[in-house]
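Fold and contact review
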Amino acid sequence: APGWMAHLSLVRPHPPWIAPVPYNTRYALADLPGCVRAADPDAEGAQHPWLRWFLSGRRNAAPADPVRHGLLQASYYGLMNEVDDNLARLFEAMQRNGDWSRTLIVLTSDHGEQMGDHWMLGKAGYFDQSYHVPLIVRDPDARADASRGRVFDAFTEHVDLMPTLLDWIGRPAPRQCDGRSLLPLLHSGRVPGDWRDAVHWEFDFRDPVFGEAEAALGLHMDQCTLNVRRTRRWKYVHFTALAPLLFDLENDPAERV
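The following paragraphs examine the structure supplied in this document. (Residues numbered from 1 in each chain as written. Predicted model: local features only at pLDDT ≥ 70, side-chain atom pairs only at ≥ 80, totals over all residues. Heavy atoms only, no water.)

A short note on the overall build of the chain
Helices and strands together make up the secondary structure of the chain, namely six helices and six strands. Along its sequence from the N terminus, the chain presents helices and strands in the succession α-α-α-β-β-α-α-β-α-β-β-β. Projected onto the principal axes, the alpha-carbon positions of the chain cover approximately 60 × 45 × 40 Å. When each of the 257 residues of the chain is scored for burial, the buried share is 37%. Here the analysis covers contacts within the chain between residues at least 6 apart in sequence; of these, 60% occur between residues at least 24 apart. Carbon and sulfur atoms form 55% of the exposed surface of the chain, whose accessible area is close to 15500 Å². When the 27 basic and 34 acidic side-chain charges of the chain are each reduced to a single mean position, those positions are 5 Å apart. (Helix = DSSP H or I, 4+ residues; strand = E, 2+ residues; numbered from the N terminus. Buried < 20%, exposed > 50% of the residue type's maximum accessible area, 1.4 Å probe, protein only. Contact = heavy atoms within 4.5 Å. Areas by Shrake-Rupley, 256 points an atom, 1.4 Å probe, with all protein chains shown as cover. Lys, Arg positive; Asp, Glu negative; His and termini not counted. Charge placed at Lys NZ, Arg CZ, Asp CG, Glu CD.)

Overview of helix α4 (residues 161-168)
When we look at burial in α4, the residues that qualify are L161, P163, T164 and L166. One or two steps after α4, the chain reaches G170, where phi turns positive at roughly 80°.

Re the nonpolar core
W50, M120, Y126, F205, V237 and F239 are the most contacted members of the largest nonpolar core, which has 25 residues in total. Of all the secondary structure elements, the ones that give two or more residues to this core are α2 (49-55), β3 (199-204), α6 (212-217), β4 (225-230), β5 (234-239) and β6 (245-248). The contacts of V237, once residues within four sequence positions are left out, are Y126, L226, N227, V228, P244, L245 and F247. Listed in part, the eleven residues of the second largest apolar core include W17, A62, A74 and L121. (Core = buried A, V, L, I, M, F, W, Y, C linked by side-chain atoms within 4.5 Å.)

Re the layout of surface pockets
With a probe scaled to a water molecule rolled over the atoms, the places where space remains empty come into view. Taken as a whole, the second largest pocket holds about 1300 Å³ of empty space. The wall of the second largest pocket is formed by 41 residues, among which H132, V133, L135, A154 and T156 lie closest to the centre. Mapped by element, the contributors of at least two residues to the lining of the second largest pocket are β2 (135-138), α5 (183-188) and β3. Here the lining of the second largest pocket is composed, by residue class, of 20 nonpolar, nine polar and twelve charged. (1 Å grid on protein atoms, 1.4 Å probe; cavity = no way out; pocket = protein on both sides within 12 Å on 5 of 7 lines; lining within 4 Å. Points joined across faces, edges and corners; volume = space filled by probe spheres on them. Nonpolar A, V, L, I, M, F, W, Y, C, P; charged D, E, K, R; others polar.)

A word on the environment of A146
With respect to the element layout, A146 can be found in the loop between β2 and α4. Note: C-alpha distance between A146 and L55 (91 residues apart in sequence) is 46 Å. In this structure A146 touches L186, H187, S188 and G189, once residues within four positions along its chain are discounted.

Quick look at the pattern of salt bridges
Side-chain pairs of opposite charge can arise whenever the charged atoms involved come near each other. According to the stated counting rule, one finds 13 salt bridges in the structure shown. Here R102 makes a salt bridge to D99, at a shortest N to O gap of 2.6 Å. Where E255 meets K235, a salt bridge forms, and the shortest distance between an N and an O atom there is 2.8 Å. Here the residue E255 occupies a position in the segment after β6, and K235 occupies one in strand β5, the gap between them amounting to 20 residues. Each of the two residues, E255 as well as K235, counts as buried. One continuous salt-bridge network, built from bridges that share partners, spans D128, R230, K235 and E255. (Salt bridge = Lys/Arg side-chain N within 4 Å of Asp/Glu carboxyl O.)

Digging into unusual backbone geometry
That bond from P15 to P16 is cis: its omega, -5°, falls within 30 degrees of zero. Mapped onto the fold, P16 is located in the segment before α1 (41-45). The omega torsion of the bond from V21 to P22 falls at 5°, within 30 degrees of zero and hence cis. One can find P22 in the segment before α1. Of note in the backbone geometry, H118 takes a positive phi value of approximately 60° without being a glycine. Structurally, the position occupied by H118 is in the loop between β1 (105-108) and β2. For W119, which is not glycine, the phi torsion reads 65° and is therefore positive. Residue W119 is classed as buried on the basis of its relative accessible area of 6%.

Points about a nonpolar patch on the surface
A cluster of nonpolar residues, M5, V106, L135 and L165, forms a patch on the protein surface that exposes about 330 Å² of accessible area. Mapped onto the elements of the fold, L165 is located in helix α4. (Patch = residues over 30% accessible without salt bridge, like charges linked within 9 Å, V, L, I, M, F, W, Y side chains within 5 Å.)

Here we look at the sheet that holds β6
Taken in spatial order, the four strands make up an open sheet running β3-β4-β5-β6, and their pairing is antiparallel. Of all the strands in the sheet, just β3 and β6 have a single pairing partner and so form its edges. Across the sheet, the mean angle from the axis of one strand to that of its neighbour is 15°, orientation sign disregarded. (Pairing = 2+ DSSP bridges. Axes fitted to C-alpha atoms, helices over the stretch in contact; angles between N-to-C directions.)

As C-alpha coordinates, this is what we get:
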(Lines give C-alpha, C1' and ligand atoms only; values in the text may rest on other atoms or scores of the structure.)
Protein backbone atom coordinates (compact mmCIF):
# COMPACT_ATOMS: atom_id res chain seq x y z
CA ALA A 1 0.00 0.00 0.00
CA PRO A 2 1.27 3.54 -0.67
CA GLY A 3 2.61 5.51 2.24
CA TRP A 4 0.53 8.14 3.97
CA MET A 5 0.84 10.74 6.70
CA ALA A 6 -1.84 12.38 8.82
CA HIS A 7 -1.36 15.46 10.99
CA LEU A 8 -4.15 15.30 13.56
CA SER A 9 -4.42 18.56 15.48
CA LEU A 10 -6.86 18.34 18.39
CA VAL A 11 -8.06 21.67 19.78
CA ARG A 12 -8.76 20.28 23.26
CA PRO A 13 -7.82 21.21 25.92
CA HIS A 14 -8.27 24.86 25.02
CA PRO A 15 -10.35 27.84 26.10
CA PRO A 16 -13.19 27.94 26.71
CA TRP A 17 -12.51 25.27 29.34
CA ILE A 18 -15.96 23.71 29.15
CA ALA A 19 -15.80 19.92 29.38
CA PRO A 20 -18.77 17.93 28.06
CA VAL A 21 -20.50 15.10 29.90
CA PRO A 22 -19.07 12.82 31.32
CA TYR A 23 -15.73 14.64 31.50
CA ASN A 24 -17.12 17.61 33.43
CA THR A 25 -17.45 15.50 36.59
CA ARG A 26 -14.37 13.33 36.22
CA TYR A 27 -12.31 15.17 38.88
CA ALA A 28 -13.35 16.19 42.38
CA LEU A 29 -12.03 19.55 43.53
CA ALA A 30 -10.66 18.01 46.74
CA ASP A 31 -8.41 15.68 44.71
CA LEU A 32 -6.76 18.36 42.55
CA PRO A 33 -3.09 19.27 43.12
CA GLY A 34 -2.26 22.70 44.47
CA CYS A 35 -0.37 25.48 42.75
CA VAL A 36 3.33 26.33 42.97
CA ARG A 37 3.35 30.06 43.64
CA ALA A 38 4.04 32.91 46.02
CA ALA A 39 1.54 34.19 48.57
CA ASP A 40 -0.17 36.52 46.09
CA PRO A 41 0.32 37.97 42.57
CA ASP A 42 2.13 41.03 43.92
CA ALA A 43 4.71 38.87 45.69
CA GLU A 44 5.10 36.72 42.57
CA GLY A 45 5.49 39.73 40.31
CA ALA A 46 8.33 41.08 42.44
CA GLN A 47 10.58 38.52 40.73
CA HIS A 48 10.83 40.51 37.48
CA PRO A 49 9.25 43.56 35.77
CA TRP A 50 7.93 41.41 32.92
CA LEU A 51 6.17 39.04 35.33
CA ARG A 52 4.70 41.97 37.29
CA TRP A 53 3.31 43.43 34.05
CA PHE A 54 1.95 40.08 32.84
CA LEU A 55 0.11 39.37 36.09
CA SER A 56 -1.52 42.80 35.91
CA GLY A 57 -3.37 41.74 32.77
CA ARG A 58 -7.09 41.10 33.12
CA ARG A 59 -6.99 37.56 31.69
CA ASN A 60 -3.48 36.52 32.69
CA ALA A 61 -3.66 36.00 36.45
CA ALA A 62 -5.25 32.92 37.98
CA PRO A 63 -8.29 33.49 40.20
CA ALA A 64 -7.59 33.68 43.92
CA ASP A 65 -10.92 31.98 44.73
CA PRO A 66 -10.00 28.28 45.20
CA VAL A 67 -13.41 27.06 44.04
CA ARG A 68 -13.33 29.05 40.83
CA HIS A 69 -9.76 27.95 40.14
CA GLY A 70 -10.62 24.34 40.97
CA LEU A 71 -13.51 24.31 38.49
CA LEU A 72 -11.18 25.58 35.75
CA GLN A 73 -8.57 22.99 36.66
CA ALA A 74 -11.07 20.10 36.77
CA SER A 75 -12.49 21.12 33.39
CA TYR A 76 -9.02 21.27 31.87
CA TYR A 77 -8.16 17.77 33.12
CA GLY A 78 -11.50 16.50 31.83
CA LEU A 79 -10.73 17.90 28.39
CA MET A 80 -7.40 16.05 28.44
CA ASN A 81 -9.31 12.84 29.17
CA GLU A 82 -11.54 13.56 26.18
CA VAL A 83 -8.43 13.72 24.01
CA ASP A 84 -7.22 10.40 25.44
CA ASP A 85 -10.50 8.67 24.68
CA ASN A 86 -10.65 9.95 21.12
CA LEU A 87 -7.07 8.91 20.48
CA ALA A 88 -8.07 5.44 21.74
CA ARG A 89 -10.84 5.36 19.13
CA LEU A 90 -8.33 6.24 16.43
CA PHE A 91 -5.77 3.67 17.56
CA GLU A 92 -8.39 0.92 17.81
CA ALA A 93 -9.50 1.67 14.24
CA MET A 94 -5.87 1.49 13.07
CA GLN A 95 -5.47 -1.88 14.78
CA ARG A 96 -8.59 -3.20 13.05
CA ASN A 97 -7.52 -2.11 9.58
CA GLY A 98 -3.86 -3.17 9.86
CA ASP A 99 -2.27 0.30 9.96
CA TRP A 100 -1.16 -0.01 13.59
CA SER A 101 1.67 -2.39 12.76
CA ARG A 102 3.18 -0.14 10.08
CA THR A 103 2.63 3.42 11.32
CA LEU A 104 4.96 5.66 13.29
CA ILE A 105 2.96 7.65 15.87
CA VAL A 106 4.24 10.85 17.46
CA LEU A 107 2.16 12.53 20.16
CA THR A 108 3.18 15.98 21.36
CA SER A 109 1.76 19.40 22.16
CA ASP A 110 2.44 22.95 21.02
CA HIS A 111 2.76 24.33 24.56
CA GLY A 112 1.98 23.69 28.19
CA GLU A 113 -0.31 25.41 30.68
CA GLN A 114 0.58 27.39 33.80
CA MET A 115 -2.69 26.35 35.50
CA GLY A 116 -2.18 28.77 38.39
CA ASP A 117 1.49 28.04 38.96
CA HIS A 118 3.25 31.37 39.58
CA TRP A 119 -0.28 32.85 39.56
CA MET A 120 -0.37 32.55 35.75
CA LEU A 121 -2.93 31.16 33.34
CA GLY A 122 -2.16 30.15 29.76
CA LYS A 123 1.31 29.99 28.32
CA ALA A 124 3.89 32.75 28.39
CA GLY A 125 7.24 33.82 29.70
CA TYR A 126 10.04 31.56 30.89
CA PHE A 127 8.65 29.02 33.38
CA ASP A 128 8.90 25.31 32.59
CA GLN A 129 5.13 24.79 32.86
CA SER A 130 4.60 26.63 29.57
CA TYR A 131 7.29 24.76 27.65
CA HIS A 132 7.67 21.25 29.10
CA VAL A 133 5.33 19.32 26.79
CA PRO A 134 4.52 15.65 26.20
CA LEU A 135 6.48 13.64 23.66
CA ILE A 136 5.44 10.02 23.10
CA VAL A 137 6.80 8.13 20.08
CA ARG A 138 5.54 4.67 19.10
CA ASP A 139 7.68 3.00 16.42
CA PRO A 140 6.22 -0.32 15.17
CA ASP A 141 9.62 -1.45 13.90
CA ALA A 142 11.00 -4.45 15.81
CA ARG A 143 14.23 -2.52 16.31
CA ALA A 144 12.33 -0.26 18.71
CA ASP A 145 11.63 -3.18 21.04
CA ALA A 146 14.81 -2.17 22.89
CA SER A 147 13.08 0.98 24.13
CA ARG A 148 9.43 -0.01 24.17
CA GLY A 149 7.73 1.39 27.26
CA ARG A 150 10.83 3.35 28.25
CA VAL A 151 10.91 6.94 29.48
CA PHE A 152 14.07 8.76 28.42
CA ASP A 153 15.47 11.40 30.75
CA ALA A 154 16.97 13.51 27.97
CA PHE A 155 16.33 16.93 26.45
CA THR A 156 14.28 16.90 23.26
CA GLU A 157 12.84 19.77 21.25
CA HIS A 158 10.19 20.14 18.59
CA VAL A 159 12.96 20.62 16.02
CA ASP A 160 13.70 16.89 16.47
CA LEU A 161 10.36 15.83 15.00
CA MET A 162 11.01 16.55 11.32
CA PRO A 163 14.40 14.75 11.28
CA THR A 164 12.76 11.80 13.06
CA LEU A 165 9.98 11.50 10.49
CA LEU A 166 12.40 11.80 7.58
CA ASP A 167 14.79 9.30 9.12
CA TRP A 168 11.95 6.80 9.56
CA ILE A 169 11.09 6.89 5.84
CA GLY A 170 14.75 6.78 4.84
CA ARG A 171 15.16 10.39 3.73
CA PRO A 172 17.89 12.84 4.81
CA ALA A 173 17.04 15.91 6.84
CA PRO A 174 17.64 19.25 5.07
CA ARG A 175 20.68 21.18 6.20
CA GLN A 176 18.52 23.90 7.76
CA CYS A 177 17.09 21.43 10.31
CA ASP A 178 18.56 22.13 13.74
CA GLY A 179 17.14 19.02 15.41
CA ARG A 180 18.24 15.37 15.46
CA SER A 181 16.40 12.16 14.75
CA LEU A 182 15.09 10.34 17.81
CA LEU A 183 15.40 6.92 16.16
CA PRO A 184 18.86 6.21 17.66
CA LEU A 185 17.28 6.45 21.11
CA LEU A 186 14.34 4.26 20.10
CA HIS A 187 16.42 1.59 18.36
CA SER A 188 19.23 1.32 20.89
CA GLY A 189 17.41 2.07 24.13
CA ARG A 190 20.23 4.50 25.02
CA VAL A 191 20.80 8.23 24.78
CA PRO A 192 23.74 8.99 22.44
CA GLY A 193 26.80 10.28 24.24
CA ASP A 194 26.86 13.49 22.21
CA TRP A 195 23.20 14.34 22.83
CA ARG A 196 22.31 17.94 23.76
CA ASP A 197 22.80 18.99 27.38
CA ALA A 198 20.41 21.95 27.28
CA VAL A 199 17.21 23.15 25.64
CA HIS A 200 16.45 26.59 24.24
CA TRP A 201 13.27 28.54 23.70
CA GLU A 202 12.22 32.07 22.88
CA PHE A 203 9.18 34.16 23.72
CA ASP A 204 8.01 37.29 21.92
CA PHE A 205 5.72 39.46 24.07
CA ARG A 206 5.32 42.45 21.76
CA ASP A 207 1.85 43.93 21.38
CA PRO A 208 1.66 45.30 17.82
CA VAL A 209 -2.02 46.28 18.15
CA PHE A 210 -2.20 48.21 21.44
CA GLY A 211 1.46 48.46 22.49
CA GLU A 212 0.61 47.68 26.11
CA ALA A 213 3.79 45.73 26.90
CA GLU A 214 5.91 48.36 25.21
CA ALA A 215 4.31 51.22 27.15
CA ALA A 216 4.33 49.45 30.52
CA LEU A 217 7.94 48.28 30.30
CA GLY A 218 9.42 51.22 28.38
CA LEU A 219 10.50 49.07 25.42
CA HIS A 220 10.46 49.32 21.66
CA MET A 221 8.53 46.60 19.86
CA ASP A 222 11.70 44.80 18.74
CA GLN A 223 12.94 44.69 22.35
CA CYS A 224 9.97 42.65 23.61
CA THR A 225 11.71 39.28 23.50
CA LEU A 226 13.30 36.82 25.88
CA ASN A 227 15.50 33.77 25.33
CA VAL A 228 15.94 30.83 27.68
CA ARG A 229 18.75 28.29 27.94
CA ARG A 230 17.94 25.49 30.39
CA THR A 231 20.33 22.78 31.50
CA ARG A 232 19.58 20.18 34.17
CA ARG A 233 20.70 22.52 36.92
CA TRP A 234 20.60 26.04 35.54
CA LYS A 235 18.09 28.18 33.72
CA TYR A 236 19.30 31.47 32.23
CA VAL A 237 16.68 33.92 30.96
CA HIS A 238 18.00 36.65 28.68
CA PHE A 239 15.73 39.64 28.04
CA THR A 240 16.66 41.86 25.10
CA ALA A 241 16.36 45.07 27.12
CA LEU A 242 15.41 44.05 30.67
CA ALA A 243 17.37 42.49 33.52
CA PRO A 244 18.29 38.80 33.06
CA LEU A 245 17.37 35.96 35.41
CA LEU A 246 19.30 32.90 36.61
CA PHE A 247 17.68 30.00 38.47
CA ASP A 248 19.42 27.17 40.32
CA LEU A 249 16.94 24.38 39.54
CA GLU A 250 18.73 21.90 41.78
CA ASN A 251 18.15 23.98 44.91
CA ASP A 252 15.14 25.95 43.66
CA PRO A 253 13.05 23.64 41.42
CA ALA A 254 9.99 25.88 41.79
CA GLU A 255 11.90 28.82 40.26
CA ARG A 256 11.13 31.20 43.11
CA VAL A 257 14.57 32.72 43.74
